[in-house]
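Observations on the three-dimensional arrangement
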Amino acid sequence: MSTEDFNLGDIQGNILRGYNREFVRHLILEVTVRVAARQFLGTAVAGGNDDVPMITRGALWVGSKPPYCFNIGVTYPGLRALRTPTKYLATFPTENRDCRSKRSLKIGDFGNSAPDQWPAPFDEPDRVHIIATIHADDAAHLDRIEGQVANAFTVLGVRNGRSLPEGKVFFGYRDGISQPRFDHIYDPDQEGVDEPMDPLGTALLGYETRQEGVRFRVPSPHDLGFNDTFNAFRVLSQDVVAFERYLDEAATMLMDHPKRDQLVDPDHLELIGEGLDIHGALREVVAAQLCGRWRNGVPYELSPMAQFPKEEVSLTNFDYTHASRCPAGAHTRRGNPRGGPIVQRIANYSRRLIRRGTSYGPDFDPAKPDDQERGLLGSFIGANLGAQFEAVMCDWINLGLQDPNITGANDPLLGANTPETSWFDMTLPDGDSIRLRGFPRLIWARGGAYTFLPSMVGIRYLSELTG
């Protein structure tokens, strides 16, 4: 299909543009009465009524934003439960059809992250049929929509998320800054961004991708598969206590390093943070290099000596080179090497993922560390999870195959690390480096599912199935 004929109203919302609401509630659903489930989907895609919420579309809102946004993702067992014909199920990608145990090692889900360690309802994946998501700015709308959904499905579990102040996550970093930009899509949040435009095929089935002549296969029939995409929904626990402890340990080690003053200017510590001593400033430098951004979002590449530079710095308009100050092993550079030098040159910008996420769990007080679980409810969206999400997680996050200098080291934040083998090379302005060791795994999977995000036409198709 030509992009000139693209209809944004056929796409579910929160894919090509984010919602940016205060609260989110993910409902993990089982289809127990097929007729009721199909009727619900049919009414929801037709505009909803007093008893059924409307599916939110990707088109720009006219006037004020709606009181809530509601969308669905369907798992492979869910497609079966709705009675999608077997011949069509066979056209879905392997990663969606496989049981999760076949994919877990590829994306680093082993040990305490292994699916057999996940709590309910993710301990029974064959019963996880639909993940319905409600976004709103108040809890009352979440409760009302959940009640409506519960009339048609069995609610196996609920995961609540919320936006933290300044758009940050519990590790203290501002999140969600760099997202793909798409041809023919106006996104007010992307104004002033000067990154390359991504073709629609990066996110949606049926369109050209960045790889010339390559389109990802569209599942059959056309009404079900076209204009759709896939989501790796992830419940990711963040060990904030271990992270802050390691920053202390690394900063203490750096205090005695002969090249310490190449990392911080002792006469201008205010550029890193107000009221910091040298040890505190070194903590922030370590955090910035591990991530590739300072905690306020300023790219380390553009401002390696200052979290608060004297002149304004773009958060998105930059690239990497062989001489970059941003470490090759930094989290943001691993996940998005931009146009920088990598071994797999054809992969530059070709594995872009749409990232949507909100935090879950109680507030964290660094002065009173606790053992409460907190983390991120993440959605990693792309037209082919194998070529995008799994390739990034396996090749770049956990193997470092994009650069010989980091091959064999895992992502310091998201990777499957152990203190015995972990390492990370900090950069210095003289071209030398300082190797950090001994950091633990900081992020653990606590649930998740691969879901299919059908278009409006696709949802209507599912609602009209019989049998």
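Residues numbered from 1 in each chain as written. Predicted model: local features only at pLDDT ≥ 70, side-chain atom pairs only at ≥ 80, totals over all residues. Heavy atoms only, no water.

Some details on the overall build of the protein
Broken down by element type, the protein carries twelve helices and twelve strands. Here the protein has a C-alpha radius of gyration of 22 Å; the compact-globule value for 467 residues is 23 Å, and the two agree. Judged by the C-alpha coordinates and their principal axes, the protein covers about 75 × 50 × 45 Å. A total of 467 residues make up the protein; the buried ones form 58% of that total. Taking all contacts inside the protein whose residues are at least 6 apart in sequence as the whole, residues at least 24 apart take part in 69%. Positive and negative side-chain charges of the protein, numbering 49 and 61 respectively, have mean locations separated by a distance of 6 Å. (Helix = DSSP H or I, 4+ residues; strand = E, 2+ residues; numbered from the N terminus. Rg over C-alpha atoms; globule rule 2.2 N^0.38 Å. Buried < 20%, exposed > 50% of the residue type's maximum accessible area, 1.4 Å probe, protein only. Contact = heavy atoms within 4.5 Å. Lys, Arg positive; Asp, Glu negative; His and termini not counted. Charge placed at Lys NZ, Arg CZ, Asp CG, Glu CD.)

Section: empty space enclosed by the protein
Applying the stated criterion across every chain yields a total of four cavities of 30 Å³ or more. Here the largest cavity defines a volume of roughly 780 Å³. Taken together, 40 residues form the lining of the largest cavity, with Asp175, His331, Thr332, Arg355 and Phe380 sitting closest to its centre. Looking at the lining of the largest cavity, the elements with two or more residues in it are strand S7 (229-238), helix H10 (331-335), strand S8 (354-360), strand S9 (375-382) and helix H11 (386-397). Among the elements that make up the lining of the largest cavity, the one with the highest residue count is H11 (five residues). Here the residues of the lining of the largest cavity are counted per class, giving 22 nonpolar, ten polar and eight charged. Size it by volume and the second largest cavity reaches roughly 90 Å³. (1 Å grid on protein atoms, 1.4 Å probe; cavity = no way out; pocket = protein on both sides within 12 Å on 5 of 7 lines; lining within 4 Å. Points joined across faces, edges and corners; volume = space filled by probe spheres on them. Nonpolar A, V, L, I, M, F, W, Y, C, P; charged D, E, K, R; others polar.)

Focus: the pattern of salt bridges
As enumerated under the stated definition, the model contains 26 salt bridges in all. A salt bridge links arginine 234 to aspartate 109, with the nearest nitrogen and oxygen atoms 2.7 Å apart. Placement of the pair is arginine 234 in strand S7 and aspartate 109 in the loop between helix H5 (101-104) and strand S3 (130-136), with a sequence separation of 125 residues. Residue arginine 234 shares its accessibility class with aspartate 109, and that shared class is buried. (Salt bridge = Lys/Arg side-chain N within 4 Å of Asp/Glu carboxyl O.)

Notes on unusual backbone geometry
The omega torsion of the bond from alanine 120 to proline 121 falls at 5°, within 30 degrees of zero and hence cis. Checked against the element boundaries, proline 121 lands in the loop between H5 and S3. In the segment running from serine 220 into proline 221, the intervening peptide bond is cis, with an omega of -5°. Considering the arrangement of structural elements, one finds proline 221 in the loop between strand S6 (197-198) and helix H7 (222-225). In this model, asparagine 14 sits at a positive phi of 70°, which is unusual for a non-glycine residue. Looking at where asparagine 14 falls in the secondary structure, it is placed in the segment before strand S1 (23-30). Located in the positive-phi region is arginine 338, a residue other than glycine, with phi close to 55°. Mapped onto the secondary structure, arginine 338 falls in the loop between H10 and S8. Residue classification places arginine 338 among the buried positions, given a relative accessible area of 2%.

Remarks on the pairing of S1
Judged by how many residues are buried, S1 sits mostly within the fold: seven of eight residues are covered. Pairing of S1 with S3 involves seven bridges; the strand directions are antiparallel. The residue of S3 that forms the bridge with phenylalanine 23 is alanine 136. (Pairing = 2+ DSSP bridges.)

Focus on H11
The first and last C-alpha atoms of H11 sit only 14 Å apart over twelve residues, clearly below the 16 Å expected at 1.5 Å per residue. Here H11 lies mainly inside the structure; eleven of its twelve residues are buried. Considering only its buried residues, H11 is in contact with helix H4 (94-97), H5, S7, H10, S9 and strand S12 (443-453). (Expected span 1.5 Å × (residues − 1).)

Things to note about the packing of helix H8 (residues 240-255) against helix H9 (residues 278-291)
Here H8 crosses H9 at 115°, and the two axes come no closer than 8 Å. The crossing of H8 and H9 is right-handed. Contacts from Phe243, Glu244, Leu247, Asp248, Ala250, Ala251, Thr252, Leu254 and Met255 in H8 reach Ile278, His279, Leu282, Arg283, Val286, Ala287 and Leu290 in H9. Residues belonging to the contact of H8 with H9 are distributed by class as follows: eleven nonpolar, two polar and three charged. (Axes fitted to C-alpha atoms, helices over the stretch in contact; angles between N-to-C directions. Left-handed = near helix turned anticlockwise from the far one by under 90°.)

Describing helix H1 (residues 34-46)
Each turn of an α-helix holds 3.6 residues, which means side chains three or four residues apart point in the same direction. A rise of 1.5 Å per residue sets the reference length of H1, with its 13 residues, at 18 Å; its end C-alpha atoms lie 18 Å apart and thus fit the reference within 8%. If you follow the buried residues of H1, they end up packed against strand S2 (68-74), helix H6 (139-150) and helix H12 (456-463). Of the residues trailing H1, glycine 47 is marked for its positive phi of about 125°.

A few points about the environment of asparagine 296
Inspection of the secondary structure puts asparagine 296 in the loop between H9 and H10. C-alpha separation for the pair asparagine 296 and isoleucine 342, spaced 46 residues apart in sequence, amounts to 27 Å. With sequence-adjacent residues up to four places away left out, asparagine 296 is seen in contact with Arg174, Gln307 and Phe308. In terms of polar contacts, asparagine 296 uses its side chain to reach the backbone amide nitrogen of valine 298, at 3.2 Å. (Polar contact = N/O pair within 3.5 Å; in protein donor to acceptor, adjacent residues only side chain to side chain.)

Such coordinate-based values are descriptive only and should not be taken to indicate function.
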